[in-house]
Amino acid sequence: LMLVDDLKTLLATSFSYSLKAANYHWNIEGEDFIPFHPWLGELYSDVYGTVDPLAEYIRTLQAYTPASLTRFQELSRVSDQLEVVQFPQIFEQLLTDTLLLIDLLNTTFDSATKERQQGIANFMAERLDAMQKYAWQIRATLKVIPGDMS
């Protein structure tokens, strides 16, 4: 099933995204700490909160869920962040990754709709709303015009 493959990619990408956002949350410092630390914590917690439901959707479709760091790294569309970076690089990278996640959510929504999995499609629609809001907040933080970095 195309949907199962999309869900596996989305699972790994969401896990990687949340880990990257957690890295930024844990390591931000200087004058940017106070305004950004709580927001980054909310972001990574929210996205990490999707990991278990995504894994369970894969299981409801009678497939096995990838569950290793190696497999997640193979499937994820989000690149790893090995360096400690600060503002504005944190938000530039988050915008790129958020837009990537939005694209993947749209693809998975389309697959769920095509395969008549309305519950999964509804979950994707809710996640799209959340990620589009984060993209707006990131753009506002960077003061980027929507066409500039999409």
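What comes next concerns the included structure.

Rules used throughout
- Residues numbered from 1 in each chain as written.
- Predicted model: local features only at pLDDT ≥ 70, side-chain atom pairs only at ≥ 80, totals over all residues.
- Heavy atoms only, no water.
- Helix = DSSP H or I, 4+ residues; strand = E, 2+ residues; numbered from the N terminus.
- Rg over C-alpha atoms; globule rule 2.2 N^0.38 Å.
- Contact = heavy atoms within 4.5 Å.
- Lys, Arg positive; Asp, Glu negative; His and termini not counted.
- Charge placed at Lys NZ, Arg CZ, Asp CG, Glu CD.
- Axes fitted to C-alpha atoms, helices over the stretch in contact; angles between N-to-C directions.
- Parallel < 35°, antiparallel > 145°, perpendicular 65-115°, else oblique.
- Left-handed = near helix turned anticlockwise from the far one by under 90°.
- Buried < 20%, exposed > 50% of the residue type's maximum accessible area, 1.4 Å probe, protein only.
- Salt bridge = Lys/Arg side-chain N within 4 Å of Asp/Glu carboxyl O.
- Core = buried A, V, L, I, M, F, W, Y, C linked by side-chain atoms within 4.5 Å.

**Looking at the overall build of the protein chain**
Reasoning step 1: Scanning the protein chain from terminus to terminus reveals six helices and zero strands.
Reasoning step 2: Each helix and strand of the protein chain, ordered N terminal to C terminal, gives the series α-α-α-α-α-α.
Reasoning step 3: By the compact-globule yardstick of 15 Å for 150 residues, the protein chain fits well, its C-alpha radius of gyration being 15 Å.
Reasoning step 4: Taken along the three principal axes of its C-alpha coordinates, the protein chain extends 50 × 30 × 20 Å.
Reasoning step 5: Intrachain contacts of the protein chain at a sequence separation of at least 6 include 80% that bridge at least 24 residues.
Reasoning step 6: Taken together, the 11 basic and 20 acidic charged side chains of the protein chain have centroids lying 7 Å from each other.

**Here we look at the packing of helix H1 (residues 2-27) against helix H5 (residues 89-114)**
Reasoning step 1: Contact geometry for H1 and H5: axes closest at 10 Å, N-to-C directions at 160 degrees. Taken together, H1 and H5 sit at an angle that is classed as roughly antiparallel. Judged by the sense of rotation from one axis to the other, the crossing of H1 with H5 is left-handed.

**Comments concerning unusual backbone geometry**
Reasoning step 1: Pro88 follows Phe87 through a cis peptide bond whose omega is 5 degrees.
Reasoning step 2: By the secondary structure assignment, Pro88 is in the loop between helix H4 (69-75) and H5.
Reasoning step 3: At Gln62, a residue that is not glycine, the phi angle is positive and equals roughly 65 degrees.
Reasoning step 4: The topology assignment puts Gln62 in the loop between helix H3 (51-60) and H4.
Reasoning step 5: On the basis of relative accessible area, Gln62 is assigned to the exposed category, the value being 75%.
Reasoning step 6: Its identity is not glycine, yet Arg116 carries a phi of approximately 55 degrees, on the positive side.
Reasoning step 7: By the secondary structure assignment, Arg116 is in the loop between H5 and helix H6 (118-142).

**Focus on the pattern of salt bridges**
Reasoning step 1: Counted according to the given criterion, the structure contains three salt bridges.
Reasoning step 2: Across the salt bridge formed by Asp97 and Lys20, the nearest N and O atoms sit 2.8 Å from each other. Residue Asp97 is found in helix H5, and its partner Lys20 is found in helix H1; the two are separated by 77 residues along the sequence.
Reasoning step 3: Relative accessible area serves as the criterion here: at 4%, Lys20 is assigned to the buried category.

**Here's the deal with the packing of helix H2 (residues 33-48) against H5**
Reasoning step 1: Between H2 and H5, the shortest axis-to-axis distance is 14 Å and the interhelical angle comes to 25 degrees. In terms of orientation, H2 and H5 fall into the roughly parallel class. Considering only the axes of H2 and H5, their crossing is left-handed. Mapping the contact onto sequence places Phe36, Trp39, Leu40, Leu43 and Val47 in H2 and Ile90, Phe91, Leu94 and Leu101 in H5.

**Re the nonpolar core**
Reasoning step 1: Grouped together as the largest cluster of nonpolar side chains are 45 residues, with contacts concentrated most on Leu40, Phe91 and Leu94.
Reasoning step 2: Ignoring sequence-local partners within four residues, the contact set of Leu40 consists of Ala21, Tyr24, His25, Ile28, Ile90, Phe91 and Leu94.

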